[in-house]
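Topology and contacts: notes
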Amino acid sequence: MASELTEKIIKQIEYYFGDINLSKDKFLQEETQKDSGWVSLETMVKFNRLKQLTTDYKVIVDALKQSTSDLLEIDEENFKIRRAKPLPENLSEFETNLKQNTVYVKGFSIEMSLDDLYSFFEQYGKVLQIFMKRFPSTRQFKGSVFVTFETNEQMKKFIELEELKYNDQVLTKELQEEYLKRKAPQFEKIKENKAKKEQQKLEKVKQQQEAEQAFLKEQQIPGAILHVSNVPGDASRESLKELFDNYGKVKYSDFNKGQNEAYIRFSEENKAKEILETIKELKMKDNLLELRVLEGEEEEKYWKEIIRRLSESRNKSHKGGRKAKNGRKGGNRNKRSFNEDQDNDDKPAATEENNKKLKTDDQ
């Protein structure tokens, strides 16, 4: 007789490679495509629930050899496993059948584990999957589940029970289809609110972009850029600004120390041309500065570069502000991991659209 650990290992791995999970699990599908369907045990022991049971390859292989389902094959070296049967050809029909065999049950203690739930429901038939409903913000179990039986007959026998209890706690049950129908108005309201929030978000982004473009456009002043060459080696932005402030208000001195040229941006339109006509000769230290006004394509190219730099600088400033406010760096907290357990992120037996609906609060 197989040990409790052996039975748990068989059940867990056969769940991973079963019709329900493998037909939806993109990660595992990609793994099976790498090596003629074979998946290494090195990969498998990274899945959370299997890892909690064991990471010993020999223990896993010995357990799978005791399976009577003929679902899996083990390679000659005992390092890889693969599904021995093809997935259902008509996935749409397959999902419809699963949906018809799925029941919603509510009233469990929030402390119950997935193993506890399997032990309870397997009294009534072979269970293909249990989906534990959780609060999105805390991941706390709500006390309600979707349970999928292997056959429609098993489901009907279960749903027709006059009374259902767990440890003297009365449980309520209904077909998944009935649950979805009852909750449809709430789902629609949630959908509308989500769409409204998305629209508000898009409008806010658009307003920010328009404000940003308006700001950047204001910075572009025609005829305001004076190109200066033969700049002394020890010059600085401050010394250049101080020099040209004598002729007109300088908005910015575009200069890096050690270079021999600079771009002086004035605050007034056409000020560069006006100053150039006024200055006959201008020296800085012992260097005679060479001056010219940026015009035409050269001026347009320069402004494009300035706008790009201003935009990047402002974006970095905004991100830095958010980081300081939140006290942490941003990031994708929903990255794909090996956590494919049935009680966390696995989907109930329904369409993708219905899967989203099933995450709402119970009533």
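Residues numbered from 1 in each chain as written. Predicted model: local features only at pLDDT ≥ 70, side-chain atom pairs only at ≥ 80, totals over all residues. Heavy atoms only, no water.

Things to note about the overall build of the chain
The helix and strand tally for the chain stands at 14 helices and 15 strands. When contacts within the chain are restricted to residue pairs at least 6 apart in sequence, long-range pairs at least 24 apart make up 68% of them. Carbon together with sulfur atoms contributes 46% to the accessible area of the chain, which is approximately 22600 Å² in total. (Helix = DSSP H or I, 4+ residues; strand = E, 2+ residues; numbered from the N terminus. Contact = heavy atoms within 4.5 Å. Areas by Shrake-Rupley, 256 points an atom, 1.4 Å probe, with all protein chains shown as cover.)

Focus on the confidence of the model for the chain
For the chain, per-residue confidence averages 86 on the pLDDT scale, and residues scoring 70 or more make up 87% of the total. Mean pLDDT values over the elements of the chain span from 45, in helix 14 (residues 352–357), up to 97, in strand 4 (residues 102–106). Scored below 50 in pLDDT, residues 343–363 makes 72 contacts in the model with residues more than four places away or belonging to other chains. (pLDDT = per-residue confidence, 0-100.)

Describing the sheet that holds strand 3 (residues 80–83)
One open sheet accounts for three strands, arranged 1-3-2; its pairing is antiparallel. Edge positions in the open sheet fall to strand 1 (39–40) and strand 2 (72–74), since each of these has one partner strand only. Pairing geometry for strand 2 and strand 3, over three bridges, is antiparallel. Its bridge partner lying in strand 3, Ile74 is registered against Ile81. (Pairing = 2+ DSSP bridges.)

A short note on the sheet that holds strand 9 (residues 172–175)
An order of 5-6-4-9 is seen for the four strands of this open sheet, with the pairing classed as antiparallel. For this open sheet the edge positions go to strand 5 (127–134) and strand 9, each flanked by a neighbour on one side alone. Taking each pair of neighbouring strands and ignoring which way they run, the sheet shows an average axis angle of 25 degrees. Looking at chain direction, strand 4 and strand 6 (residues 141–149) are connected through five bridges and run antiparallel. When the bridges of strand 6 are listed, Val103 appears paired with Val147. On top of the sheet, helix 8 (residues 114–121) reaches strand 4, strand 5 and strand 6; it is set at about 135 degrees to strand 5, its chief contact. (Axes fitted to C-alpha atoms, helices over the stretch in contact; angles between N-to-C directions.)

Quick notes on the environment of Ser23
Mapped onto the secondary structure, Ser23 falls in the loop between helix 2 (19–22) and helix 3 (26–32). For Ser23 and Leu91, which are 68 residues apart along the polypeptide, the C-alpha to C-alpha distance reads 7.8 Å. Sequence-distant contacts of Ser23, defined by excluding residues within four places in its chain, comprise Gly18, Gln29, Leu87, Leu91 and Phe94. Reaching out from Ser23, the side chain makes a polar contact with the backbone oxygen of Ile20 at a distance of 2.9 Å. (Polar contact = N/O pair within 3.5 Å; in protein donor to acceptor, adjacent residues only side chain to side chain.)

Some words on the packing of aromatic side chains
The relative placement of two aromatic rings is captured by the distance of their centres and the angle of their planes. Tallying each qualifying case throughout the model produces 19 aromatic pairs. Judged by centre distance (4.7 Å) and plane angle (45 degrees), the ring pair of Tyr16 and Phe47 falls under tilted. Taken together, the residues Tyr16 in helix 1 (residues 4–16) and Phe47 in the loop between helix 4 (41–44) and helix 5 (48–53) connect sequence positions 31 residues apart. Owing to a relative accessible area of 0%, Phe47 belongs among the buried residues under this scheme. (Phe/Tyr/Trp six-rings, centres within 6.5 Å; stacked < 30°, edge-to-face > 60°. Buried < 20%, exposed > 50% of the residue type's maximum accessible area, 1.4 Å probe, protein only.)

Overview of the packing of helix 1 against helix 6 (residues 57–64)
Close contact between helix 1 and helix 6 brings their axes to 9 Å; oriented N to C, the two are set at 85 degrees. By the criterion of interaxial angle, the relationship of helix 1 to helix 6 is roughly perpendicular. Contact residues: helix 1 offers Leu5, Thr6, Ile9, Ile10 and Ile13, while helix 6 offers Val59, Ile60, Ala63 and Leu64. The class makeup of the residues in the contact of helix 1 with helix 6 is eight nonpolar, one polar and no charged. (Parallel < 35°, antiparallel > 145°, perpendicular 65-115°, else oblique. Nonpolar A, V, L, I, M, F, W, Y, C, P; charged D, E, K, R; others polar.)

Brief notes about the pattern of salt bridges
Following the criterion strictly, the structure yields 20 salt bridges and no others. The residue Glu95 makes a salt bridge to Lys24 at a minimum N-O spacing of 2.6 Å. With a gap of 71 residues between them, Glu95 in helix 7 (residues 91–100) and Lys24 in the loop between helix 2 and helix 3 connect regions that are remote in the sequence. For Asp245, the salt bridge is made with Lys241, and the minimal N-O distance between the two is 2.9 Å. Residue class for Lys241 comes out partly exposed when judged on its relative accessible area of 32%. Connected via shared salt-bridge partners are Glu4, Lys8, Arg49 and Asp115. (Salt bridge = Lys/Arg side-chain N within 4 Å of Asp/Glu carboxyl O.)

Some remarks on the environment of Asn315
Position of Asn315 relative to the elements: it lies in helix 13 (residues 296–326). Sequence-wise, Asn315 and Glu212 are 103 residues apart; in three dimensions their C-alpha atoms are separated by 10.0 Å.

Things to note about the environment of Ser69
Secondary-structure assignment places Ser69 in the loop between helix 6 and strand 2. For the pair Ser69 and Glu14, spaced 55 residues apart in sequence, the C-alpha to C-alpha distance is 8.8 Å. Excluding residues within four positions of it along the chain, Ser69 makes contact with Glu14 and Lys85. A distance of 3.1 Å separates a polar atom in the side chain of Ser69 from a polar atom in the side chain of Ser67.

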